[in-house]
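Read off the chains here:
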Amino acid sequence: MPVPAGRRSIVRKMERRPFLVSAATVAAAPLVFGTGAPDAADLIDTNVSLGDWPVRKSWVKSPADLVARLRRHGVTAAWTASFEGVLHSDLAGANARLAETCRSDGTGLLVPFGTVNPTLPDWADDVRRCHEVHRMPGLRLYPSYHGYTLDDARLARLLEAASRRGLLVQIALTLEDERSQNPALTAPALTAAPLPGLLATVPTARVQLLNATSRLLAPTNPLLTRLADLGVGVELATLEGVAGLEGLLAKVPALRIAFGSHTPYFYFEAALLKLQESALTPAQLLAVRSGHARQLLATRS
Amino acid sequence: MNRRDFFHASALAATLPFAARAAAPDASAWDPELRGLGIWDVHAHVGTPGATPAKRMEALIRIADRVGVERICICMSPPWHYEPTPEQFRQSNNDVLAILKEWSSRAFGLVYLNPVHTQASRDELERCVADGPMIGIKLWVGTRCNRAELDPIVQRAAELKALILQHTWIKQRGKGNLPQESTPMELAELSARHPGVPLVCGHTGGGDWALGIRAIRERADIRADLGGGDPVYGEVEMAVRELGAQRVLYGSDVNGRSFASQIGRVLGADISVADKKLILRENLRALLLPALQRKGYKA
């Protein structure tokens, strides 16, 4: 994985640090990427969930239902977490069920991303199991529901642990619009402002932000440019504005923005049409459909 | 610009084929029966870049064509003011009038008013709708929509067969609303005072659409505008189930929102293709028809 310009000096200092190249992650690569060489037909959805969100009905009646719809729309891999990970405390159990469902019903499409909560006792063993037992390529975090922010030292330790194992870390900045949350289930949108400082302490971490706020995704936001320089990924589920993708890439061309639908909470088609609404170059379209996702998962050697 | 010029320009444009008829998209999101449908959008703002209002509209139309949007109801040219003075809403409307001079084949204008300034709003309604090319009214967050100041405006709009689009939102169960920001519950109160007058519930309460749909359910004259919120699964299905598909309208709220996220929620909904056609085009067309006929526009 090419090192983003903004982090080269930091990484240079870390050259002697032993990177653990994960055999498990390498073995999972065909599953994550689909089969064969990358091409324009690949579509990697980096933001999918299994299970029911407590206050919404889901259109997914079974994992097979989810897989069928994603395949119908051309999705070739779906990075899938479990909504159980948001509110359950037995995350080891939730992650095991997620892995089993993806294995048994995912038909090679659903790629499990386990959840880790660094405020729970022995969270490091959840990281270990996600990697060694379930052979997951990444983790998904829900800080605003788990009670910490991005400047929390526990998160830095989690990123270090994930980085040592070559795991991508997805951080959900929101799940629902703050304005319309059920009063019994509120969680503020998370600010990404501490992330550059955090990555300075863990320069080998690979991070993708999910469901970023419209403020963060504003093309003129200097923080977004800074995150792009640091190689932080985002996805387009919550990207809005007319021809928003086109406008964003015009202003921040280095941004690793991947396809993401936040389905089944969102209608999948809402994300898909964003590719049609924006006029992208073939290279941009390839990058959004699958290239940026591949870069985020590429294992350092 | 006089009244005759307006009607000449608008009527001429309305007889022409669409300058850039929406291309038939081939993405998998589209049911074959919906390709080339020609979507009508009840709720849009022209905030795309451009040196003039008409150039901004040109940029918006270019993007609308990519996703099959044929006609767009536009209102509230930026900059926006929560509680606009008469001068401010007149300036906003002047921009929309400038757009309509060149784009009346694709755009319908809604006059922006603030009923707190009752006489000035009534005068503006006469200028832009009775004597001008606009076909409806947009009310935002200038005042709560259950207030008595709206009554003469609603009555005159009914005489003119003008569409009334009222912004509504429910933030933190109403606790987070702006001081004068309306809710669907308040729109239902207004509707009760004006039976038989069609009203459009902008955003249908926004993210808390489940409350908004319930609030307007008993008022058959109120249509639900789906636009402006996150494309959360279930809204379209609930609206169709509780209101009937005939009362549901597609709206985008561009350019704050994308066409894509708002059309996508309709395309992805678990409802019939026939209902999707109603929502994406036919309901708005039927709703606007009296105003369009009054103006002599073809639609």
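Note that the structure is predicted; figures quoted are calculated from it, not measured.

Trainee: Lay out the sheet that holds strand β8 (residues 248-249) of chain B with the relevant residues and their values.
Mentor: All names here are of chain B. Strand order in this open sheet of 8 strands is β1-β2-β3-β4-β5-β6-β7-β8, and the pairing throughout is parallel. In this open sheet, the two edge strands, each paired with only one partner strand, are β1 (39-44) and β8. Of the strand pairs in this sheet, strand β4 (residues 136-139) and strand β5 (residues 163-167) are connected by 4 bridges, and their pairing is parallel. Residue pairing for β5: Leu139 is matched across the bridge by Gln166. Running over the sheet, helix α2 (residues 53-66) touches β2 (69-74) and β3 (107-113) and is turned about 140 degrees from β2. On top of the sheet, helix α4 (residues 118-130) reaches β3 and β4; it is set at about 165 degrees to β3, its chief contact.

Trainee: Explain the pattern of salt bridges residue by residue, including any values.
Mentor: Here the structure, examined in full by the defined rule, presents 32 salt bridges over all chains. In this structure, Glu186 of chain B engages Arg144 of chain B in a salt bridge whose closest nitrogen and oxygen atoms are separated by 3.1 Å. With Glu186 of chain B in helix α6 (residues 184-193) and Arg144 of chain B in the loop between β4 and α5 (150-160), the pair connects residues that are 42 residues apart, well separated along the chain. Measuring nitrogen to oxygen at the nearest pair gives 2.9 Å for the salt bridge that ties Glu181 of chain B to Lys171 of chain B. With Glu181 of chain B in the loop between β5 and α6 and Lys171 of chain B in the loop between β5 and α6, the pair connects residues that are 10 residues apart, well separated along the chain. Overall, the relative accessible area of 1% leaves Glu181 of chain B in the buried class. One network of salt bridges, with partners in common, ties together Asp125, Arg128, Arg129, Glu132 and Arg165 of chain A.

Trainee: Lay out the interface of chain A and chain B in plain terms, naming residues and giving numbers.
Mentor: Contact residues are listed per partner, giving 31 residues for chain A and 42 residues for chain B. Taken over both partners, the interface formed by chain A and chain B buries close to 3000 Å², and the fraction arising from carbon and sulfur atoms is 57%. Applying the counting criterion to the chain A and chain B interface returns 3 salt bridges. Here Glu240 of chain A makes a salt bridge to Arg257 of chain B, at a shortest N to O gap of 3.2 Å. Along the contact surface separating chain A from chain B lie 21 residue pairs in polar contact (both at pLDDT 80 or more). Elements that contribute at least two residues to the side of chain A that touches chain B include exactly α3 (63-72) and α12 (268-277) of chain A. For the side of chain A that touches chain B, the element with the highest residue contribution is α12 of chain A, accounting for 7 residues. Partitioning the side of chain A that touches chain B into residue classes produces 12 nonpolar, 7 polar and 12 charged.

Trainee: So what's going on with the packing of aromatic side chains? Residues and values would help.
Mentor: Summed over all chains, the structure comprises 9 aromatic pairs over all chains. Taking the centre distance of 5.4 Å and the plane angle of 50 degrees together, the rings of Tyr82 of chain B and Trp140 of chain B count as tilted. Here the residue Tyr82 of chain B occupies a position in the loop between β2 and α3 (86-103), and Trp140 of chain B occupies one in the loop between β4 and α5, the gap between them amounting to 58 residues. Taking relative accessible area as the criterion, Tyr82 of chain B reaches 48% and is therefore assigned partly exposed. Its relative accessible area of 12% is what places Trp140 of chain B among the buried residues. Sitting over the ring of Trp59 of chain A, Arg69 of chain A keeps its end group 4.5 Å from the ring centre.

Trainee: Go over the packing of α6 of chain B against helix α7 (residues 209-216) of chain B, please, and point to the residues and values.
Mentor: Geometrically, a packed helix pair is captured by the angle between its two axes and the distance between the axes. All names here are of chain B. It is at 8 Å that the axes of α6 and α7 come closest, and there the two elements cross at 15 degrees. Here α6 is positioned roughly parallel relative to α7, judged by the angle of their axes. The way α6 lies across α7 gives a crossing that is right-handed. Contacts from Pro184, Met185 and Ala188 of α6 reach α7 at Gly212, Ala215 and Ile216. Split by residue class, the contact of α6 with α7 holds 5 nonpolar, 1 polar and no charged.

Trainee: Requested: an account of the pairing of strand β6 (residues 199-202) of chain B, with residues and values cited.
Mentor: Moving residue by residue along a regular strand, the side chains alternate between the two faces of the sheet. All names here are of chain B. Neither face of β6 is open: one carries Leu199 and Cys201, the other Val200 and Gly202, and all of them are buried. Assessed by its sense of winding, the connection that carries the chain from β5 through α6 to β6 is right-handed. Bridge count for β6 against strand β7 (residues 222-225) is 3 bridges, and the pairing is parallel. Bridge pairing in β7 places Val200 opposite Arg223. Remark: the β6/α7/β7 crossover connection has right-handed handedness.

Trainee: So what's going on with helix α10 (residues 222-229) of chain A? Residues and values would help.
Mentor: Residue and element names in this part refer to chain A. Every buried residue of α10 is listed here: Leu223, Leu224, Leu227 and Ala228. Looking straight down α10, one finds that the buried residues subtend no more than 140 degrees of arc, so they occupy a single side. Buried residues belonging to α10 abut α9 (195-201), β6 (206-210) and α11 (244-251). Where α10 begins, the side chain of Asn221 points an oxygen toward the backbone nitrogen of Leu223, at a separation of 2.9 Å.

Trainee: Please provide a residue-by-residue account of the nonpolar core, values included.
Mentor: Leu209 and Ile257 of chain A together with Met57, Ile72, Phe259 and Ile263 of chain B are the most contacted members of the largest nonpolar core, which totals 158 residues. Look past the residues within four positions of Met57 of chain B in its chain and what remains in contact with it is Val46, Ile72, Ile74, Ile99, Trp103 and Ala107 of chain B. Of all hydrophobic cores here, the second largest spans 23 residues; its members include Met76, Tyr112, Leu163 and Leu287 of chain B.

Trainee: Account for the confidence of the model for chain B, naming residues and giving values.
Mentor: Residues and elements named next belong to chain B. In this model, chain B carries an average pLDDT of 91, and 91% of its residues clear a pLDDT of 70 or more. Within the model, the stretch residues 1-26 combines pLDDT values under 50 with 43 contacts to residues more than four positions away or in other chains. Scored as a whole, the predicted complex attains pTM 0.90, and scored at its interfaces, ipTM 0.91.

Trainee: Describe the packing of α7 of chain B against helix α8 (residues 235-243) of chain B, listing the residues and the values that go with them.
Mentor: Residues and elements named next belong to chain B. Close contact between α7 and α8 brings their axes to 10 Å; oriented N to C, the two are set at 15 degrees. It follows that α7 is roughly parallel to α8 by the angle criterion. In this structure, α7 crosses over α8, and the sense of that crossing is right-handed. Where α7 abuts α8, its residues Trp209, Ala210, Ile213, Arg214 and Ile216 lie against Glu235, Met238, Ala239, Glu242 and Leu243.

Trainee: Could you give an account of unusual backbone geometry, naming the residues involved and the relevant values?
Mentor: Most peptide bonds take the trans configuration, and most residues that are not glycine carry a negative phi. The linkage connecting Pro78 of chain B with the following residue, Pro79 of chain B, adopts the cis geometry, with an omega of 5 degrees. Residue placement: Pro79 of chain B occurs in the loop between β2 and α3. Residue Asn255 of chain B follows Val254 of chain B across a cis peptide bond; omega there is 10 degrees. Located in the positive-phi region is Asp122 of chain A, a residue other than glycine, with phi close to 55 degrees. The topology assignment puts Asp122 of chain A in the loop between β3 (110-115) and α6 (123-133).

Quick notes on the rules
- Residues numbered from 1 in each chain as written.
- Chains lettered and ligands numbered in written order.
- Predicted model: local features only at pLDDT ≥ 70, side-chain atom pairs only at ≥ 80, totals over all residues.
- Heavy atoms only, no water.
- Pairing = 2+ DSSP bridges.
- Helix = DSSP H or I, 4+ residues; strand = E, 2+ residues; numbered from the N terminus.
- Contact = heavy atoms within 4.5 Å.
- Axes fitted to C-alpha atoms, helices over the stretch in contact; angles between N-to-C directions.
- Salt bridge = Lys/Arg side-chain N within 4 Å of Asp/Glu carboxyl O.
- Buried < 20%, exposed > 50% of the residue type's maximum accessible area, 1.4 Å probe, protein only.
- Buried area = accessible area lost by both parts, 1.4 Å probe.
- Polar contact = N/O pair within 3.5 Å; in protein donor to acceptor, adjacent residues only side chain to side chain.
- Nonpolar A, V, L, I, M, F, W, Y, C, P; charged D, E, K, R; others polar.
- Phe/Tyr/Trp six-rings, centres within 6.5 Å; stacked < 30°, edge-to-face > 60°.
- Lys NZ or Arg CZ within 6 Å of the ring centre and 35° of its normal.
- Parallel < 35°, antiparallel > 145°, perpendicular 65-115°, else oblique.
- Left-handed = near helix turned anticlockwise from the far one by under 90°.
- Right-handed = clockwise from strand over helix to strand, strands pointing away.
- Arc of directions from axis to C-beta.
- Core = buried A, V, L, I, M, F, W, Y, C linked by side-chain atoms within 4.5 Å.
- pLDDT = per-residue confidence, 0-100.

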